[in-house]
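Each chain is listed here by its residues.
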Amino acid sequence: LPLCFPQKLWKMLESDQFQSIWWSEGGKCVAINKDLFKVEVLGRGVCQRVFNTRHIRSVIRQLNLYGFTKVQRDFQRSASLPEFLAEEAAASAHSQILYYYNPSFNRAHPWLLGTCKRR
């Protein structure tokens, strides 16, 4: 039986095979490095493909269909110009990372995975 989207996602997160996707927030969020994910996961050949797409927006659509919501990262800004510029550079690099949350998708509670249903 083929795995549904949340099961595939879980297997990827638990695998050490992918550097572009990981657990964040203590296992409560999924973090995706967008550019690396495009190459590492979506750029695979047909035989090695995880998802039936080559487009990140299709994966994001699946996340939304299964009840995941995008989490915005808030950065505290410093008053001094050098610190502010350093934080801006870090935030820019950080903008390539997408965070998604679903209360039924939690590393500490794998039994909830079965409640992740498509809307």
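All of these numbers come straight from a predicted model, not from anything done at the bench. (Residues numbered from 1 in each chain as written. Predicted model: local features only at pLDDT ≥ 70, side-chain atom pairs only at ≥ 80, totals over all residues. Heavy atoms only, no water.)

Caption draft 1: Main features of helix H1 (residues 5–14). Taken as a whole, H1 has its buried residues at Phe5, Pro6, Leu9, Trp10, Met12 and Leu13. Projected down its long axis, H1 carries its buried residues within an arc of 160°, all on one side. Buried residues in H1 make contact with strand E1 (21–24), strand E2 (29–33), helix H2 (34–40) and helix H3 (56–65). (Buried < 20%, exposed > 50% of the residue type's maximum accessible area, 1.4 Å probe, protein only. Helix = DSSP H or I, 4+ residues; strand = E, 2+ residues; numbered from the N terminus. Arc of directions from axis to C-beta. Contact = heavy atoms within 4.5 Å.)

Caption draft 2: Layout of H3. The set of residues buried in H3 consists of Ile56, Ser58, Val59 and Leu63. Down the axis of H3, the buried set is contained in an arc of 165°. They therefore lie on one face. Lining the buried residues of H3 we find H1, E2, H2 and strand E4 (97–101). Looking one or two places after H3, you find Gly67, whose phi comes out positive at around 85°.

Caption draft 3: Here's a closer look at the side chain of Ser104. Tracing the chain through its elements places Ser104 in the segment after E4. A distance of 3.1 Å separates polar atoms of two side chains, one belonging to Ser104 and the other to Thr115. Once residues within four sequence positions are removed from consideration, Ser104 is found in contact with Leu112, Leu113, Thr115 and Cys116. (Polar contact = N/O pair within 3.5 Å; in protein donor to acceptor, adjacent residues only side chain to side chain.)

Caption draft 4: Main features of the side chain of Arg44. Within the element layout of this structure, Arg44 appears in the loop between H2 and H3. Among the polar contacts listed, one links the side chain of Arg44 to the backbone oxygen of Glu40, at a separation of 3.2 Å. Beyond its immediate chain neighbours, meaning those up to four positions away, Arg44 contacts Gln17, Phe18, Val39, Arg49, Val50 and Arg54.

Caption draft 5: Layout of the sheet that holds E2. Spatially, the four strands line up as an open sheet ordered E1-E2-E4-E3, and their pairing is antiparallel. Only two strands of the sheet have a single neighbouring strand rather than two, namely E1 and strand E3 (69–70). Running at roughly 85° to E1, H1 makes contact with E1 and E2 of the sheet. (Pairing = 2+ DSSP bridges. Axes fitted to C-alpha atoms, helices over the stretch in contact; angles between N-to-C directions.)

Caption draft 6: Up close: the nonpolar core. Residues Leu9, Ile21, Phe37, Phe51 and Phe105 are the most contacted members of the largest nonpolar core, which totals 25 residues. It is H1 that provides the largest number of residues to this core, a total of five residues. If we skip the residues at most four places from it in the chain, Phe105 touches Pro6, Leu9, Trp10, Leu13, Trp23, Gly27, Lys28, Val30, Phe68, Leu113 and Cys116. (Core = buried A, V, L, I, M, F, W, Y, C linked by side-chain atoms within 4.5 Å.)

Caption draft 7: Structural detail: unusual backbone geometry. In this structure, Glu25 is a non-glycine residue whose phi angle is positive, near 55°. Along the chain, the position of Glu25 falls in the loop between E1 and E2. Note on Glu25: relative accessible area 38%, which makes it partly exposed.

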